[in-house]
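Summary of structural features
Below, each chain spelled out in residue letters.
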Amino acid sequence: MTNTYAGGCQCGAIRFRVRGEPRDSSICHCRMCQKAFGAYYAPFVSVRGTDFEWTRGQRKIFRSSNFVERGFCADCGTPLTYEAPDGIAIAAGTFDDPSAFPPVVQYGIEAKIDFVDHLHELPGHSTDEDAEAAPFVLEIESYQHPDHDTETWPEVR
Ligand SMILES: [Zn+2]
Ligand SMILES: [Zn+2]
């Protein structure tokens with residue numbers, strides 16, 4: 001049996017599907033990935049060797065170097081891909097179940113931000129605990145695409 005994994009951007013304009021078993025899941029700390037994700041590091045799942053297809057919408061491309069293109073959703077800004085001559089990697093958090101691909105290697109460690117090694121030591125709070133300071137969190141209605149494929153999107157309300 002071939003496993004299938006799906007995912008897409010936050011707004012749902014772009015969706016993709018992978019048939020097969022993505023192997024290389026990684027974290028990249030390089031400065032270009034920090035910038036492309038607006039984050040301290042970027043998580044990727046390589047889909048090399050799998051059957052990968054876009055099932056809804058067209059990503060927009062930013063050519064970040066002479067070899068690499070980065071795909072993103074032009075409607076909501078979600079980073080989606082790192083596309084190099086040796087294959088495509090998908091932004092891990094865009095999978096409907098990102099927990100399916102635990103990272104096995106780190107890249108770009110010359111640019112790793114020191115405090116990244118200590119994030120797990122920080123105090124943590126659930127979203128509900130924020131309600132006293134920010135009562136609106138209790139009434140949030142999400143416009144994010146659900147973590148599964150849909151016949152149409154946006155849903156008719
Ligand atoms: Zn989008
Ligand atoms: Zn990188």
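To be clear, the structure that these remarks concern was listed above.
Right, let's walk through the structure included here.

Overview of the overall build of the protein chain
Of the regular secondary structure elements, the protein chain holds one helix and ten strands. By principal-axis analysis of the C-alpha atoms, the protein chain measures approximately 50 × 45 × 35 Å. Within the protein chain, buried positions represent 34% of all 157 residues. Long-range pairs, those at least 24 residues apart, make up 57% of the contacts in the protein chain between residues at least 6 apart in sequence. When the accessible surface of the protein chain is split by element, carbon and sulfur atoms take 52% of a total near 10300 Å².

Looking at the coordination of the zinc ion (ligand 2)
Note on the zinc ion (ligand 2): its protein donors are C28 (SG), C30 (SG) and C33 (SG). The metal-donor distances range over 2.2 to 2.3 Å. Expressed as a motif, the donor residue spacing for the zinc ion (ligand 2) is C-x1-C-x2-C.

What counts as what
Residues numbered from 1 in each chain as written. Chains lettered and ligands numbered in written order. Predicted model: local features only at pLDDT ≥ 70, side-chain atom pairs only at ≥ 80, totals over all residues. Heavy atoms only, no water. Helix = DSSP H or I, 4+ residues; strand = E, 2+ residues; numbered from the N terminus. Buried < 20%, exposed > 50% of the residue type's maximum accessible area, 1.4 Å probe, protein only. Contact = heavy atoms within 4.5 Å. Areas by Shrake-Rupley, 256 points an atom, 1.4 Å probe, with all protein chains shown as cover. Donors = N, O, S within 2.8 Å, 3.2 Å for Na, K, Ca; no water.

So yeah, pure geometry; function would need other evidence.
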